[in-house]
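# A structural walkthrough
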Amino acid sequence: MSQYKIAIIGANGMLASMLRARVPESVDLHLFDLPDFDITDAEQVNETLTLLNPEVVINCAAFTQVDACETQRDIAFLVNSEGPRYLANTVKNIGAVLIHISTDFVFSGTAIEPYNEDATTGPLSVYGQSKFQGEQAIISSGLTDYYIIRTSWLYGPNGPNFVETIIRLAAEREELSIVADQWGTPTYTGDLSDIIWSLISPVPSSSLSVTVPYGIYHYSNEGACTWYDFACAIIERLREDGAPMKVQQVKPITTDEYPVPAKRPAYSVMSKEKIIAATGVNIPLWQVSLKKYFVERCLDTD
Ligand SMILES: NC(=O)c1ccc[n+]([C@@H]2O[C@H](COP(=O)([O-])OP(=O)(O)OC[C@H]3O[C@@H](n4cnc5c(N)ncnc54)[C@H](OP(=O)(O)O)[C@@H]3O)[C@@H](O)[C@H]2O)c1
């Protein structure tokens, strides 16, 4: 079988580490991340990728600390907007495909039903604005062969995330106060990685289609919950696993009771109809994937 040459940018991050763990045999993978490779260095991006000449570039690099973006605005826009612009320009020149990961935080959160790909955007934070500008930079670059995948509330191994934070806090504190008026959908990096690989390489065991039209897609797990619901489900899993826990009570609080620098959307559930229609993917409910993560997490620590 001939191999696809694929570059992953931001290769040491949480999503990228799952992509690496699940790489299909048909892929010849090349990894790039700081400090050796910086997407904000246009010349380095162009020289490195032109020399490598991959068929596909997957961009997982981002400045993802949502609150820190508020005070480090310049870096946020450099990494999340200019970086994707440089990548798109080079990818266009070498005739490759770009897969870029974006976020539900491009939306304002005033909707009352799941956002589809054409819905009006309205980012509330510097992070959301910079990621939205990154999308726009790719679209306006003239590159046609791109997938922009917006995802939400990511968790998985090898990264700070809400699941790992709650696991830690449940062992440390008797009471947790968790925001109960922001709705969204958790996404397991394992599920997102599988759909990304299926877009670009035939996965032998998968029934997924491989001729997916280019464009913007939404992908998260199915269902919707608040951070409070998510925290309760994580603690329930810990309880079922018999994990030692200190936590006695999880208290629902409002966004106003938990002030943070960056404003978050109150509702950022995304419709997956487009990606389901294009690929035939069967997207698991967030509760099912959380359970799967706990099983895989246990296997990893055994
Ligand atoms: N995490 C979420 O909840 C979430 C939700 C929705 C969408 N997303 C999107 O999903 C994608 C992956 O997220 P993730 O959570 O896996 O991110 P992550 O763990 O923060 O990984 C990002 C990686 O990019 C690297 N990076 C940062 N600046 C760079 C630069 N200038 N040049 C090259 N690499 C650079 C980081 O290196 P350092 O660690 O050294 O900075 C890190 O290895 C991102 O596009 C993010 O915006 C994430």
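The structure under discussion appears in the preceding block.
Just so you know, these numbers come straight off a predicted model, no measurement behind them.

### Quick look at the overall build of the protein chain
When you go through the protein chain residue by residue, the secondary structure sums to 10 helices and 12 strands. Expected size for 302 residues packed as a compact globule is a radius of gyration near 19 Å; at 19 Å, the protein chain falls within 12% of this value. Seen along its three principal axes, the alpha-carbon backbone of the protein chain occupies a region of about 55 × 40 × 40 Å. Each of the 302 residues in the protein chain was classed as buried or not, and the buried ones make up 50%. In the protein chain, the share of contacts with a sequence separation of at least 24, taken over all contacts with a separation of at least 6, comes to 81%. For the protein chain, the accessible surface area stands at approximately 13800 Å², while carbon and sulfur atoms represent 50% of it.

### Here we look at the packing of helix H2 (residues 42-52) against helix H4 (residues 73-94)
It is at 9 Å that the axes of H2 and H4 come closest, and there the two elements cross at 30 degrees. As summarised for this structure, H2 and H4 are arranged roughly parallel, according to the angle between their axes. Considering only the axes of H2 and H4, their crossing is right-handed. For the pair H2 and H4, the contacting residues are Ala42, Val45, Asn46, Leu49 and Thr50 in the first and Tyr86, Leu87, Thr90 and Ile94 in the second. A per-class count over the contact of H2 with H4 returns six nonpolar, three polar and no charged.

### Points about the sheet that holds strand S5 (residues 146-151)
Read from one edge to the other, the open sheet built from six strands follows the order S2-S1-S3-S4-S5-S10, with strand pairing classed as parallel. The sheet terminates laterally at strand S2 (27-32) and strand S10 (215-218), the two strands that pair on one side only. Each neighbouring strand pair of the sheet contributes to a mean axis angle of 20 degrees, computed without reference to strand direction. Sheet analysis places strand S3 (residues 56-59) next to strand S4 (residues 97-103), joined by four bridges and oriented parallel. For Val56, the partnering residue across the bridge sits in S4 and is Val97. Of the strands in this sheet, strand S1 (4-9), S3 and S4 are in contact with H4, which crosses S4 at around 160 degrees.

### Observations regarding the site of the ligand
Within the structure, the ligand sits among 25 residues, and Leu15, Asp33, Thr64, Tyr127 and Lys131 are positioned closest to it. Contact distances for the ligand include 3.5 Å between an oxygen atom and a backbone N or O atom of Ala62. Leu154 has a polar backbone atom sitting 3.1 Å from an oxygen atom of the ligand. For the ligand, whose accessible area on its own is 900 Å², the fraction buried by protein is 78%. Among the secondary structure elements, those contributing two or more residues to the shell around the ligand are helix H1 (14-21), S4 and helix H5 (126-140). Across the shell around the ligand, the residue classes break down as 13 nonpolar, nine polar and three charged.

### Considering the pattern of salt bridges
Scanning the model with the defined rule gives 11 salt bridges in all. Close ionic contact of Arg297 with Glu164 constitutes a salt bridge, the shortest N to O distance being 2.8 Å. In this pair, Arg297 sits in helix H10 (residues 286-301) while Glu164 sits in helix H6 (residues 162-172), placing the two residues 133 residues apart along the sequence. For Arg297, a relative accessible area of 24% gives the class partly exposed. When salt bridges that share partners are traced, they join Arg22, Asp194 and Glu296 into one network.

### What to know about the environment of Ser140
In this structure, Ser140 sits in helix H5. Ser140 sits in the exposed class, given a relative accessible area of 57%. Measuring from C-alpha to C-alpha, the distance between Ser140 and Arg85 comes to 8.8 Å, with 55 residues separating the pair along the chain.

### With respect to the pairing of S2
Bridge analysis of S1 against S2 gives six bridges, and the strand direction is parallel. Looking at the pairing, Ile6 lines up with Leu29 of S2. In this fold, the crossover linking S1 to S2 by way of H1 has right-handed handedness.

### Description of unusual backbone geometry
Omega for the bond connecting Leu34 with Pro35 falls within 30 degrees of zero, at 0 degrees, which places this linkage in the cis form. The topology assignment puts Pro35 in the loop between S2 and H2. In the Ramachandran plot, Trp153 falls in the positive-phi region, its phi being about 45 degrees despite a non-glycine side chain. Structurally, Trp153 can be placed in the loop between S5 and strand S6 (154-155). Phi angles above zero are rare outside glycine, and Asn158 is one such case at about 65 degrees.

Reading guide: rules and limits
Residues numbered from 1 in each chain as written. Predicted model: local features only at pLDDT ≥ 70, side-chain atom pairs only at ≥ 80, totals over all residues. Heavy atoms only, no water. Helix = DSSP H or I, 4+ residues; strand = E, 2+ residues; numbered from the N terminus. Rg over C-alpha atoms; globule rule 2.2 N^0.38 Å. Buried < 20%, exposed > 50% of the residue type's maximum accessible area, 1.4 Å probe, protein only. Contact = heavy atoms within 4.5 Å. Areas by Shrake-Rupley, 256 points an atom, 1.4 Å probe, with all protein chains shown as cover. Axes fitted to C-alpha atoms, helices over the stretch in contact; angles between N-to-C directions. Parallel < 35°, antiparallel > 145°, perpendicular 65-115°, else oblique. Left-handed = near helix turned anticlockwise from the far one by under 90°. Nonpolar A, V, L, I, M, F, W, Y, C, P; charged D, E, K, R; others polar. Pairing = 2+ DSSP bridges. Near = heavy atom within 4 Å. Polar contact = N/O pair within 3.5 Å; in protein donor to acceptor, adjacent residues only side chain to side chain. Salt bridge = Lys/Arg side-chain N within 4 Å of Asp/Glu carboxyl O. Right-handed = clockwise from strand over helix to strand, strands pointing away.

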